[in-house]
Amino acid sequence: MSADGKRMMKDNFLIALAGQQNAGKSTTYNMLTGANQHVANYPGVTVDKKVGSYREGKVRYEVVDLPGTYSLTSFSLEERVSREFLLEEKPDVVVNVMDATCLRRSLYFTFQVLEMNFPVTVALNMMDVAESQGISVDLKELTARLGVDVVATVGRKGKGKQALKAAIRKSVQQESYSRPVAIDYNDLEVHIQALEDMLAGDASLGVLYPLRWLAIKLLENDTEARHIVETKHADGKMIVEEALSRRLDFENESDVDTGDYIVACRDRLAGEIVDACVSKEDDSKQPISERIDRWVLNRALAPFFLLATVYIIYELSIVQGYELTKYTWPILAKFRDIVANILPAAGLIEDSLLRSMALWMVDSANTLLNYVPIFFILFALIAILEDSGYMARIAFILDRIFHSFGLHGQSTLPFILGGVFAGGCAVPGIMSTKGIPDERSRLATILTVPFMNCLAKIPLYTLLVNIYFAEHKSWAMFFISTITIIMALIIAKVLTSTVLKGRETAPFIMEMPNYHAPTMFGVAQRSLERTWEYIKKVGSIVVAVSLCVFSLLQFPGLSDERMDYYEGEMSKAVAVFDSKVAASPYGGLVTGDKMLPLLNLYDNYKRARMNSSGREGAARVDSSFKEANPDLFVLLKPRGDKEAKVVNRALRKLSSERKSLRRKIKEEKIKTSFFGMIGRSLEPVTQYAGFDWKVNIALISSFAARESSVATMGVLYQQGADDNQTLEQRMDNESEHNGMNSLHALAVLLFFALYPPCLAATIMVKVQTGSWKWMLFAIVFPTAVGFGVASTVFTLGNAIGASGITMMKGFYFVAFAVALLIALVHKFSSDRVAASYVYQPE
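Please read all numbers here as calculations on a predicted model, not as lab measurements. (Residues numbered from 1 in each chain as written. Predicted model: local features only at pLDDT ≥ 70, side-chain atom pairs only at ≥ 80, totals over all residues. Heavy atoms only, no water.)

K.L.:
I'm lost on the overall build of the chain in this one. Help?
P.N.:
For the chain, the helix and strand inventory stands at 39 helices and nine strands. Put simply, of all contacts in the chain between residues at least 6 apart along the chain, 74% involve residues at least 24 apart. In the structure as shown, the chain presents an accessible area of about 39,200 Å², 58% of it carried by carbon and sulfur atoms. (Helix = DSSP H or I, 4+ residues; strand = E, 2+ residues; numbered from the N terminus. Contact = heavy atoms within 4.5 Å. Areas by Shrake-Rupley, 256 points an atom, 1.4 Å probe, with all protein chains shown as cover.)

See below:
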């Protein structure tokens, strides 16, 4: 059977959806596939791979939504991913989505797909916008000129769906195709033909790649094309050298860059097609997008619109999102209770390893899943910004400033969500870097977002400021709020100039898409997709990481002697309990082997009551426990029963004693754990930053969660706890004995500000970079920077006898001066480069 015959018999076709950004590709993809789609990653990279399908009878059409790109060079990651997919997967048809309002610009991409010799169907999208602008496109003429079917669509409204499917069906079933459109490269044609003839010397290469396209790419000096020829053609190196020689000859003869010449030829043909196919009403009225931009991009007003947008995003996703967690957390807590009930029962003072580990992992997962409401709102708002066209304008407004430090205009949103204004979170901040097209800037943003002041850092800041900078609170908080931004910019510049210098970057292409009203379906669909993607990825990674942290905190554990001591203390408490309830008629229900189950029941009941909301919630808890434990419930809530009240008081006392012993065991375990050993062993080094072993342990434990730093200090600074002193009072009292002062506190603040991301954020670094190496770097590098800065400030301050507030001011102005110098140097360098392009008459 012939190849065409086999093609006719196929019942599964691969469709590649390709096109430029903001052409409505996603809405066209949704229109074709509906809800039958999923998101994955292309092999080896973190670029999204959206795959969906639809059926017509027994025939299945699998649609792959390629990354939006302006061309098919090998310059950026998205371009390379799209091109490699087309070359390696060889789809049955490429559906090229074009923006009807920008036909000339869209044709540049179309020509490249056609040169790759793929069957193409054009979806001319946004026809409603074009009509509203008085633009009329002659579809028959455009079809004739391109030689492929052109279908008018309005993706966000589902218009043109059936016609597009019919065109796809026709394209995949046609036995052969030919296109009248051909780009004439004039003086370059002789070189193209010569290279094509040389490439044809290896017949196998022509099966894999279109030779004319490969010849053009060699003349464009395309890196990947050179690699293909060198590795797959017997005379590859000679052909590449020949292409370079011909390229130089052409440029010497014409005095024009070959790449620019090729672009000009394509643009000339695009202009001819547009002149023949597009007409526009003589309407002097300014398009609505331009009228909006007069205000939104106004030099004076743009910052206010941007700040208002950022504030709304911050308020809705972070603030209101956290409010929603009040409703989701009880659900997660309920799930934890279900798991806890399935596991072996809690021990008297120590749980089994299985129970401890399983609950630790559930707690870790719950911590991350509790961010889901925040993410859903965040992703919805990002989708609205993308669909409306304002996201591109955010990048435009801030790109110049961020570009000075190696970042991208789209780095704005991640920094804001990470906590530019104290109270953000690095996890959604890192997640929102997804849309940054420049890999170097995206990595720099991912690695610097954790420097922002996330909500979990605030308790430690507040604690130290209240103790050591009580008379300078306003200045100290201003310092903390702004020094992190300054340091993030400086470090981003350092990273992009060193370890990220070789990473891919893309020429900055600024396109201002027309404003569009987002659709409810499109926003909801993308929000759900991205949220589900987060849940799946976190779920797969959190297990491994949380297990490592658990091991470091739990092992090697306490010695038998220490456990015997604590068990002895617990036995004494149990003996007291037994003596108090011995005379009670309920004694038989609460002593001996029945004591521990009752104690666990009591603790579970108290925890369930604390997690319930309002009277109705408390009533439901009471009803549930009463139904499950009809004989014992009176001991949990003894109303009017004096004997039960006696048992309840004794039970409460025993529970309190048990919690106290468990807390002491936990404290001692921290001291003797591998983390604790590390904290003590680091003391000879960290003394240069003024950290003692308690601070070391608190900082190390905060890796699991930032809140752990203060919680750990609460465990370690116990002196005065029995007198109901606050942690500030207890630390202040101990400071008088151990000599800790404001300089020590400043060193801790700086180290904490530049400290590695917490466990959740570290996992997100792995998710977003797809690399364990970058995840490890995100831990090691900030640790070195933070410790270096903290040690320098502490040691210098100690040497000159400066106070913490004096060194705080000094460090701030030095950091600000460095950032300002970087920006000025970049501006001077940019101006000099720009001046070199100005025509200088002889």
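K.L.:
Would you explain the pattern of salt bridges in this entry?
P.N.:
Any two side chains of opposite charge can pair if their charged atoms end up close together. Following the criterion strictly, the structure yields 25 salt bridges and no others. The partner of Asp149 in a salt bridge is Lys170, with the nearest N and O atoms 3.3 Å apart. On the criterion of sequence distance, the pair formed by Asp149 in the loop between helix 6 (139-146) and strand 8 (150-152) and Lys170 in helix 7 (residues 161-173) is long-range, its members being 21 residues apart. Asp149 sits in the partly exposed class, given a relative accessible area of 22%. Its salt-bridge partner being Asp257, residue Arg247 comes within 3.9 Å of it at the nearest N-O pair. Taken together, the positions of Arg247 in helix 12 (residues 236-254) and Asp257 in the loop between helix 12 and helix 13 (258-277) put the pair 10 residues apart, joining distant regions of the chain. The class for Arg247 is buried, based on a relative accessible area of 13%. For Asp257, a relative accessible area of 33% puts it in the partly exposed group. (Salt bridge = Lys/Arg side-chain N within 4 Å of Asp/Glu carboxyl O. Buried < 20%, exposed > 50% of the residue type's maximum accessible area, 1.4 Å probe, protein only.)

K.L.:
I keep staring at the environment of Asn741 and nothing clicks. Help me out?
P.N.:
One can find Asn741 in the loop between helix 35 (727-738) and helix 36 (742-753). For the pair Asn741 and Ile467, spaced 274 residues apart in the sequence, the C-alpha separation amounts to 9.2 Å. Of note is the side chain of Asn741, whose polar atom sits 2.9 Å from the side chain of His744. (Polar contact = N/O pair within 3.5 Å; in protein donor to acceptor, adjacent residues only side chain to side chain.)

K.L.:
Teacher, can you tell me more about the pairing of strand 4 (residues 59-65) here?
P.N.:
If a strand is regular, its side chains alternate between the two faces of the sheet. Counted residue by residue, strand 4 has five buried out of seven residues, so it is predominantly covered. Looking at chain direction, strand 1 (residues 12-19) and strand 4 are connected through six bridges and run parallel. Across the sheet, Asn12 pairs through a bridge with Arg60, a residue of strand 4. (Pairing = 2+ DSSP bridges.)

K.L.:
Sorry, what's going on with unusual backbone geometry here?
P.N.:
Most of the time, phi is negative for any residue but glycine, and the peptide bond is trans. Positive phi, close to 70°, is recorded for Asn117, a residue that is not glycine. One non-glycine residue, Asn186, adopts positive backbone phi at about 50°.

K.L.:
Hey, could you run me through the packing of aromatic side chains in this one?
P.N.:
Geometry of an aromatic ring pair is reported as the spacing of the ring centres plus the angle between the planes. If you walk through the whole model with that rule in mind, you get 18 aromatic pairs. Between Trp475 and Tyr812, the ring centres sit 5.7 Å apart and the planes meet at 70°, which makes this aromatic pair edge-to-face. Highlighted residues: Trp475 in helix 23 (residues 473-497) and Tyr812 in helix 39 (residues 804-836), separated in sequence by 337 residues. Owing to a relative accessible area of 9%, Tyr812 belongs among the buried residues under this scheme. With a centroid separation of 5.9 Å and an interplanar angle of 90°, the aromatic rings of Tyr812 and Phe813 are classed as edge-to-face. Given the relative accessible area of 55%, Phe813 is considered exposed. A connected cluster of aromatic rings, assembled from ring pairs, spans Tyr461, Phe691, Phe751, Phe752 and Tyr755. The ring of Tyr209 carries Lys90 above its face, with NZ or CZ at 5.9 Å from the centroid. The ring centre of Tyr515 lies 4.0 Å from the NZ or CZ of Arg393, which sits over that ring. (Phe/Tyr/Trp six-rings, centres within 6.5 Å; stacked < 30°, edge-to-face > 60°. Lys NZ or Arg CZ within 6 Å of the ring centre and 35° of its normal.)

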